[in-house]
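# Descriptive analysis of the structure
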Amino acid sequence: MRAGSVSAAANAGGAARCRSNTPAPRSTCARPRTARRRARAHRPRAERTCDMDALSDDDEYARREPQISCLVASRGEAAAGGAAVQRVGAAVCCAVERFVAVGETIADDNPDVRHSMVLACKEARAAGRAIERVCAGADGAGMVSAARALLAAVTRVLLLADMVVVRQLLLAKDKVARSLDRLESVSNFAEFVRAFTEFGGGMVELARLTAERRADLRDERRRAQVAAARNVLERSTLMLLTSSKTCLRHPGSASARENRDTVFCQMRRAMDLIHYVVRDGLPGHEEHSHEAAQWEAGTALGALRGLTGQVRTARARGGADAARRRALAGTLRALVERTHDFTDSAYTSHEHRQRILALAERIAYELERLVAVAVSLEEQGASGSATALESACTGATSAASELERALVAAARDQARDLAPLADEAKRLASDLAYIASSCGERESERLHNIASRLHEQLDHIIEVCKLLRHIAMSETLQVSAKFAEINLRIYGPQVVTAARTLAAHPGSAAARENLDVFVDMWAWLLADAARLARELLDLTDDRPDKQQYSSLPRPGKHGTTSKPLKAVRLDSDEQAKIAKSGLEMKMMSSEMDAETEKWQGAAADENNDIVKRAKNMSSMAFAMYQFTKGEGRLNTTQDLFTQAEYFAEEANRLYKIVRQFSYQVPAGATKKELLEHLDKVPTYVQQLQFTVKEPTVGRAATFSKVDNVIQETKHLMNVISKVVTTCFDCANKYNLDFTGLSAGGAGAGGGRGTSRDEESGAGGGVDAKPGGSSSDTAM
C-alpha cells in the first residue's frame, strides 16, 4: 500500500535536515485554489492520467516529511528557531499544497470517491497551514497535533487513491474477460480478427496496470503471484490466436477445440488470481485469505520450521499447555503428509526414502516424549522434569534439522536430473511435430509411442517441481515452483493434442502453426523448470559463496565499452516498462499474422511479395518482443539495434512494393486511404533509423535508447499493418494481380523467414549479427 511510504519517510530524517536553507517557492502556495482547478480542468486528458503516480511520487513532499518529523522532535526549540524554522514550515505547506492539488484532480476524475477525497484534501491543506503558522509563531505547542493531523490526512488521501487504482485494474480485467467471451463465441474469421484486436488493446492496458500494482505490493507472495499470472496471460496470447484460427478452420476437430478451450480456461484462471490478489487486504475482503488457504498450502520445509519454532517456545515457557500440545500434533500431521510427496515418488531413491521415513518416526517419538513431559509438568509439577523437557526439546529440534537436510538432499538428487530430462522432452516434442506433419495418421502407432514417452517425461518433471517447491526457501521460489508445476500439468498434454490435430489435417497451415506455438510453449515451460532447479541448487549448496565487492566498479557493465557483453537482468522498473512495450509489439505482430492469414485464398501466390515481406517483419517484431522477455536469439542491446535496422530496411522494401501496387488501384476512396497510410511509412522508417544510430554512454542512456527503439518499431509496425489491410481490401474489391511486384532489386538480399520456429528474430536470412562498433552495450 502506498500509504506506508508516509510513515517510512517520516522516520528517515535527522535533526540536520531542519537546518535546511532552501527557500520555499511561495508563489505556488499563493495561487488561488479556483485558478488551480480551472487550469487542471483545461489540461489534456493524457496529462491527468499521470496524476496517480504523481500523488505517490511527490518528491517535494517526500523531502519535507523528515523535516516534519524533526520539527515534532524538537518542538521545544522551535519557538526560538528563527527564520530557518519559518522557511521549513513554508516549504512543508507548499509541498502539501502540491500534493493536495493532485488529490483534488483525482477526485474530479472519479466521482465515486470525490466527496471523501475532497474532505481528506481539505484536512491535509488545513494541517499544512497549521504547521506553517506554528513555525512562524512563538509557541510550538501545537506542532504535535498539527503533524499528526497532516500524516492522518495524507494517509487517507493515499488510501483513497489506492482504491481508485484497484478499481481501474478490476475494470481492465473485466474488459479483457468480456473480450475473451466474445472471442470464444465468434463463428467466422473476419469477426475473430476484430475481436482479437479489441482483446489485444485490453491486454496491453491490463499488463500496464498489473505491472504498476505489482511494484506497489509489499507482500512477497502476492508480487510473485501477480508476476506468474501476467506471465501466463502473455505467453497464452499467441496460443489463443493459433488455437482459435485452427478451430475456425476445422470446426469439426475435437482436438482443436480442446486446445482452444484449455487456453481460454488457463487465461481465465490467471485473471481470477489477479482479481484475488488485488482484492485481498481491502476493507471487507479480508476473509478471502482463508478461502485461498488451499492453494497456498505450506511446504515440508515450512512445516519443519514451524514445528521447530513451537518446540523452542515450549522450551522457553517450561512446558506446553493443552492448546500448544494440540498445535504440535497438528503440525506433525501436516509434516508427515507433506513428506509423502518425497516417499511416494517413484523417482526417489531407496536410500533417501528409508532415511526420510526413519527421521519422521524419530520426530514423532521425540514429540510424544515432549508431550508426556509437558503433561507431567502440568499435573505433578515434578522438579526433576525440567531436565527431561530440555532433553525432549533438544531431541526434537535435532531430528527436525536432520529431516530437513534429508529432504533437501532428496530434492537436489532429482533436481540434477532435470536438465537432461528437459532436453529429452524437447527432442520428443520435435519428433512428435515431425511425425505429425510428415506422416499424418499413417504413423499413428509411432505417434502414440512418442506421445506416451512424452507423458512419462512430463510426469517426472512435474514430480521434480513438486519436490523443489517443498524445499524452496522463499515465497517467490515457492510460487514459481507451484506455477511451473501447474502450467506443465495443463499445457504439457496439449502438445500431443495439437499434434493429433495436425496428423488429422496434414496439409493445414493453421494446424501446423498451432503445433509450433504449443511446442514453443513447451520449451518455455521446460526452461522455466530448469532455471528454477538451478536457482534452488545454488541456494541449497553448502559451499561458501564467493565474496563479491559490490562497491568496486565492474568494467563494461554500464555501457562504457563497445564490446558486446553477455545480457544481464534489468531491475524491476526497467523490466516492467520494457515488458509493457514488448507486449504491445507482440500484439501488433499477432494482428499482422491475422491480417496476412486473410490472403490464404487466391491472392496467396508464391510471387506475393507483400505477404512475404509482412510476415518477415512480423517475425522480426516477435523476436524483439522475445528480447523484452529475456528469450530468443537477441541476447544484447546491440543485437536488438541491429535487428531494428533490418526491420527498417524491410519496411522500406515493402513500401516500394506497395507503391508499385498502388498504381494498379483505380482512383477512389480506397486508393486514397491506401496512399494516406503508405505516405507515413518513410517518416517512421527515418525516425527508427535515427533512433538506432543515436550514440549512448551509460546504462540509463542505453536503456532509454532500447525503449525508444521499441516504441519507434511499434509505431512503424502499426502503420505497416494498416497498409497490408488496405492492400487486401483493394485486391478483393478490384480483383488485382500481385504477380511480378518487387522492390526493384531490393528483394534479393532481404531474406524471408516466415516462421517463429527459428526464433531468429531477424526473419531467417536477416539474423541479427552480434557485435558492432557502437558504444551501446549489453544490458
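### Comments concerning the overall build of the protein
- If you tally the helices and strands in the protein, you get 28 helices and zero strands.
- For the protein, with 779 residues in total, the buried portion stands at 51%.
- Within the structure as shown, the protein displays about 35,200 Å² of accessible surface, and the carbon and sulfur contribution to it stands at 50%.

### Here's the deal with the packing of aromatic side chains
- Taken as a whole, this structure holds three aromatic pairs when the rule is applied.
- A centroid spacing of 5.9 Å and a plane angle of 45° characterise the contact between phenylalanine 189 and phenylalanine 192, whose relative ring orientation is tilted. Here phenylalanine 189 pairs with phenylalanine 192, and both are found in helix α11 (residues 189–216), just three residues apart, close to one helical turn.
- When the centroid spacing of 5.8 Å and the interplanar angle of 35° are considered together, the rings of phenylalanine 192 and phenylalanine 196 count as tilted. Taken as a pair, phenylalanine 192 and phenylalanine 196 lie in helix α11 at a separation of four residues, close to a single helical turn.

### Points about the side chain of serine 662
- Secondary-structure assignment places serine 662 in helix α25 (residues 637–662).
- Judged by its relative accessible area of 2%, serine 662 falls in the buried class.
- Those residues in contact with serine 662 that lie beyond four places of it in its chain are Lys671, Leu674 and Leu675.

### Things to note about the environment of alanine 530
- Here alanine 530 lies in helix α22 (residues 509–539).
- Expressed as a C-alpha distance, the spacing of alanine 530 and isoleucine 461, which sit 69 residues apart in the sequence, is 9.5 Å.

### Focus: the packing of helix α16 (residues 322–343) against helix α20 (residues 444–471)
- Remark: α16 packs on α20, axes separated minimally by 10 Å, with the N-to-C direction vectors making an angle of 140°. By the criterion of interaxial angle, the relationship of α16 to α20 is oblique. In the crossing of α16 with α20, the sense of the turn from one axis to the other is left-handed. Contact residues: α16 offers Arg338, Asp341 and Phe342, while α20 offers Glu463, Lys466, Leu467, His470 and Ile471.
- By residue class, the composition of the contact of α16 with α20 is three nonpolar, one polar and four charged.

### Section: the nonpolar core
- With 122 residues, the main nonpolar core has Phe199, Ile363 and Leu488 as its most contacted residues.
- Looking at this core, the element that brings in the most residues is α22, giving 15 residues.
- With near-sequence residues (within four places) excluded, isoleucine 363 lies in contact with Leu304, Leu307, Leu332, Leu335, Ala399, Ala400 and Leu403.
- Core analysis: the second largest hydrophobic core is formed by 43 residues, Met588, Met624, Val665 and Leu688 among them.

### A look at the side chain of threonine 726
- Note on placement: threonine 726 falls in helix α28 (residues 699–734).
- Residue class for threonine 726 comes out buried when judged on its relative accessible area of 3%.

### Observations regarding α11
- Compared with the 40 Å implied by 1.5 Å per residue over 28 residues, the 40 Å span of α11 between its first and last C-alpha is a close match.
- Taking the backbone nitrogen of alanine 190 as reference, a side-chain oxygen 3.4 Å away marks asparagine 188 as the first, capping residue of α11.

### Quick word on α22
- For α22, with 31 residues, the first-to-last C-alpha span of 45 Å sits near the 45 Å given by 1.5 Å per residue.
- Where α22 begins, the side chain of serine 508 points an oxygen toward the backbone nitrogen of alanine 510, at a separation of 3.5 Å.

### A few points about the packing of helix α27 (residues 681–693) against α28
- Following both chains from N to C, one finds α27 and α28 inclined at 165°, their axes separated by 9 Å at the closest point. With respect to their mutual orientation, α27 and α28 come out roughly antiparallel. When you trace α27 past α28, the crossing you get is left-handed. Counted together, Val681, Tyr684, Val685, Gln687, Leu688, Thr691, Val692 and Lys693 of α27 and Lys705, Asn708, Val709, Glu712, Thr713, His715, Leu716, Val719, Ile720 and Val723 of α28 form the full contact between these two elements.

### Let's talk about the confidence of the model for the protein
- Residues of the protein with pLDDT of at least 70 account for 73%, and the chain-wide mean is 75.
- Across residues 75–80, confidence stays below pLDDT 50; counting only partners more than four residues off in sequence or on other chains, it has five contacts.

### Examining the pattern of salt bridges
- Enumeration according to the criterion identifies 34 salt bridges in this entry.
- Lysine 245 is the salt-bridge partner of glutamate 513, the closest N and O atoms lying 3.1 Å from each other. Taken together, the positions of glutamate 513 in helix α22 and lysine 245 in helix α12 (residues 220–249) put the pair 268 residues apart, joining distant regions of the chain.
- According to the relative accessible area criterion, lysine 245 is buried, its value standing at 1%.
- Linking glutamate 424 and arginine 427 is a salt bridge whose minimum nitrogen-to-oxygen distance equals 2.5 Å. With glutamate 424 and arginine 427 both in helix α19 (residues 418–438), this residue pair falls three residues apart, about one helical turn.
- By sharing partners, the salt bridges in this structure join Arg235, Asp528, Arg531 and Glu535 into a single network.

### A look at the environment of lysine 680
- Looking at where lysine 680 falls in the secondary structure, it is placed in the loop between α26 (669–678) and α27.
- It is 9.8 Å that separates the C-alpha atoms of lysine 680 and tyrosine 655, two residues lying 25 residues apart in sequence.

### Some thoughts on the environment of threonine 702
- Within the secondary structure, threonine 702 sits in helix α28.
- Through-space distance from the C-alpha of threonine 702 to that of threonine 637 is 8.0 Å; in sequence the pair is 65 residues apart.

What counts and what doesn't
Residues numbered from 1 in each chain as written. Predicted model: local features only at pLDDT ≥ 70, side-chain atom pairs only at ≥ 80, totals over all residues. Heavy atoms only, no water. Helix = DSSP H or I, 4+ residues; strand = E, 2+ residues; numbered from the N terminus. Buried < 20%, exposed > 50% of the residue type's maximum accessible area, 1.4 Å probe, protein only. Areas by Shrake-Rupley, 256 points an atom, 1.4 Å probe, with all protein chains shown as cover. Phe/Tyr/Trp six-rings, centres within 6.5 Å; stacked < 30°, edge-to-face > 60°. Contact = heavy atoms within 4.5 Å. Axes fitted to C-alpha atoms, helices over the stretch in contact; angles between N-to-C directions. Parallel < 35°, antiparallel > 145°, perpendicular 65-115°, else oblique. Left-handed = near helix turned anticlockwise from the far one by under 90°. Nonpolar A, V, L, I, M, F, W, Y, C, P; charged D, E, K, R; others polar. Core = buried A, V, L, I, M, F, W, Y, C linked by side-chain atoms within 4.5 Å. Expected span 1.5 Å × (residues − 1). Polar contact = N/O pair within 3.5 Å; in protein donor to acceptor, adjacent residues only side chain to side chain. pLDDT = per-residue confidence, 0-100. Salt bridge = Lys/Arg side-chain N within 4 Å of Asp/Glu carboxyl O.

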